[in-house]
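Structural overview for review
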Amino acid sequence: MKRVTLVDVFKHRITQKYLQRSGIHHAVTVSGYAFDMALKAGVDPDLATKSALLHDMGHYEWYRDGKWDYEEYRKHDIHAIKGAERAHKLLIRLGEDRLVAKEVSLAVLLHTDSYLPFELDDKRTKLQDVVAKADEKDEQPLGLHHYKNMDKSEAIQRLNMLDLKIEEFYDGQAG
């Protein structure tokens, strides 16, 4: 089975629709952090980077009186739940292995505990922990990290480089 690449995932119309809301820059940056952290933690970098790329695809915009209202957004936030479902459906449509789609979906679901009435400390798998920490590394106050800009061509270039690093990782595992 051919590996579904990060570029394949990024170029899909569903990914494009939802990453516009959560921020392409943030998604791509978190993917890069996740790759490095995955190698250090002994986690599959393909799973980590896909989870990181898709971790915020459940975001929606919350405006009050025509202005972004971060506090209202946080009060009603269920983006991890929505994102996990979207990520799973997307990966299955792209022909991804079902177990990979499930692991990525769970990592998206558990990358934050902001929507839960309890904390996830010490309850995450190593993959889920990598994605959560990669996301935290790029966070800025009031969600400003979601508004940094990145051209789609730059995003594709950076994701292509990550895809090559993932292939090198797998080649090194086989040899």
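See above for the structure.
Okay, so let's go over this structure. By convention here, each chain's residues receive numbers from 1 onward along its written sequence. For a predicted model such as this one, the threshold for reporting local features is a pLDDT of at least 70, and the threshold for listing and counting side-chain atom pairs is 80 or more; totals across whole chains, interfaces and linings nevertheless cover every residue. Where side-chain values are given, they derive from all heavy atoms of the structure, hydrogens and water being excluded.

This brings us to helix H9 (residues 152-174). Spanning 23 residues, H9 covers 33 Å between terminal C-alpha atoms, matching the ideal 33 Å at 1.5 Å per step. The inward-facing, buried residues of H9 contact helix H1 (6-11), helix H3 (24-41) and helix H4 (45-54). Counting from the N terminus, the helices are DSSP H or I runs at least four residues long and the strands are E runs at least two residues long. One less than the residue count of a helix, multiplied by 1.5 Å, gives the span that helix is expected to have. Note on contacts: a residue pair is in contact if any heavy atoms of the two residues lie within 4.5 Å.

A residue counts toward a patch only above 30% relative accessible area and without a salt bridge, and it is joined to like-charged neighbours within 9 Å or, for Val, Leu, Ile, Met, Phe, Trp and Tyr, to nonpolar neighbours within 5 Å. Throughout, the Shrake-Rupley method with a 1.4 Å probe supplies accessible areas, and for residues the shown protein chains are the sole cover considered. Every case where a carboxyl oxygen of Asp or Glu lies within 4 Å of a side-chain nitrogen of Lys or Arg is listed as a salt bridge. In summary, the charge assignment counts Lys and Arg as positive and Asp and Glu as negative, without counting His or the chain termini. Just so you know, the charge point we use is NZ for Lys, CZ for Arg, CG for Asp and CD for Glu. On the surface, a cluster of positive charge is made up of Arg 13, Lys 17, Arg 21 and Arg 93. Looking at the positive patch, the element that brings in the most residues is helix H2 (residues 13-22), giving three residues. Summarising the element assignment, Arg 21 is placed in helix H2. For the exposure calls, accessible area comes from a 1.4 Å probe over protein chains only, and a residue counts as buried if that area is under 20% of its type's maximum, exposed if over 50%, partly exposed in between. Judged by relative accessible area, which is 32%, Arg 21 ranks as partly exposed.

When the centres of two rings from Phe, Tyr and Trp lie within 6.5 Å, Trp using its six-membered ring, the rings pair. Their planes under 30 degrees apart give stacked, over 60 give edge-to-face, and anything left gives tilted. All chains considered together, the criterion is met by one aromatic pair. The ring centre of Tyr 18 lies 3.7 Å from the NZ or CZ of Arg 86, which sits over that ring. Working rule: Lys NZ or Arg CZ, within 6 Å of ring centre, within 35 degrees of ring normal, means a charge sits over the ring. A cation sits over an aromatic face here: Lys 137 above Tyr 33, 4.5 Å from the ring centre.

What follows is about H4. Along an α-helix, residues three or four apart share an orientation, since each turn contains 3.6 residues. In terms of residue burial, H4 counts as a mostly covered element, since ten of its ten residues are buried. Every buried residue of H4 is accounted for by Pro 45, Asp 46, Leu 47, Ala 48, Thr 49, Lys 50, Ser 51, Ala 52, Leu 53 and Leu 54.

The topology assignment puts His 111 in the loop between helix H7 (98-109) and helix H8 (126-138). A relative accessible area of 3% means that His 111 is categorised as buried. Polar contact is the term for a pair of N or O atoms within 3.5 Å; when the atoms are in protein, one must be able to donate a hydrogen and the other to accept it, and sequence-neighboring residues count only if both atoms are side-chain atoms. A polar contact is formed between the side chain of His 111 and the side chain of His 79, at a distance of 3.2 Å. A distance of 2.6 Å separates a polar side-chain atom of His 111 from the backbone oxygen of Val 108. Not counting chain neighbours up to four residues away, the residues in contact with His 111 comprise His 55, Asp 56, His 79, Ala 80, Arg 124, Val 131, Ala 132 and Asp 135.

Checked against the element boundaries, Asp 77 lands in the loop between helix H5 (70-76) and helix H6 (79-93). Spatially, the C-alpha atoms of Asp 77 and Tyr 60 are 8.6 Å apart, while their sequence positions differ by 17 residues.

Let us look at unusual backbone geometry. At Asp 122, a residue that is not glycine, the phi angle is positive and equals roughly 60°. A residue is classified by how much of its surface remains accessible, and Asp 122, at 82% relative accessible area, is exposed.

Attention shifts here to the nonpolar core. Within the largest apolar cluster, 40 residues are counted, with the highest numbers of intra-cluster contacts made by Leu 53, Leu 54 and Leu 159. Contributions of two or more residues to this core are made by H1, H2, H3, H4, H6, H7, H8 and H9. Considering each element in turn, this core owes the most residues, seven residues, to H3. Aside from chain neighbours lying at most four places away, what touches Leu 159 is Leu 6, Val 7, Phe 10, Val 28, Ser 31 and Leu 53. The term nonpolar core refers to a set of buried residues drawn from Ala, Val, Leu, Ile, Met, Phe, Trp, Tyr and Cys, joined through side-chain atoms within 4.5 Å.

Helix-helix packing is described using two parameters, namely the angle between the two axes and the distance between the axes. Structural elements are reduced to axes, namely lines fitted to C-alpha atoms, with helices fitted over the stretch in contact, and the angle between N-to-C directions of any two is expressed from 0 to 180 degrees. Taken N-terminus to C-terminus, the directions of H3 and H9 make an angle of 15°; their axes are 10 Å apart at the nearest point. Considering the angle they form, H3 stands roughly parallel to H9. The handedness of the crossing between H3 and H9 is left-handed. Of H9, the residues touching H3 (which contributes Ile 24, Val 28, Thr 29, Ser 31, Gly 32, Phe 35 and Leu 39) are Lys 152, Ala 155, Arg 158, Leu 159, Leu 162, Lys 165, Ile 166 and Phe 169. We call Asp, Glu, Lys and Arg charged. Ala, Val, Leu, Ile, Met, Phe, Trp, Tyr, Cys and Pro are nonpolar, and the rest, Gly among them, are polar. A per-class count over the contact of H3 with H9 returns nine nonpolar, three polar and three charged. Oblique is the label for any angle not covered by the other classes, which are roughly parallel (under 35 degrees), roughly antiparallel (over 145) and roughly perpendicular (65 to 115). Crossing handedness: left-handed means the near helix sits turned counterclockwise from the far one by under a right angle, and right-handed means the same turn made clockwise.

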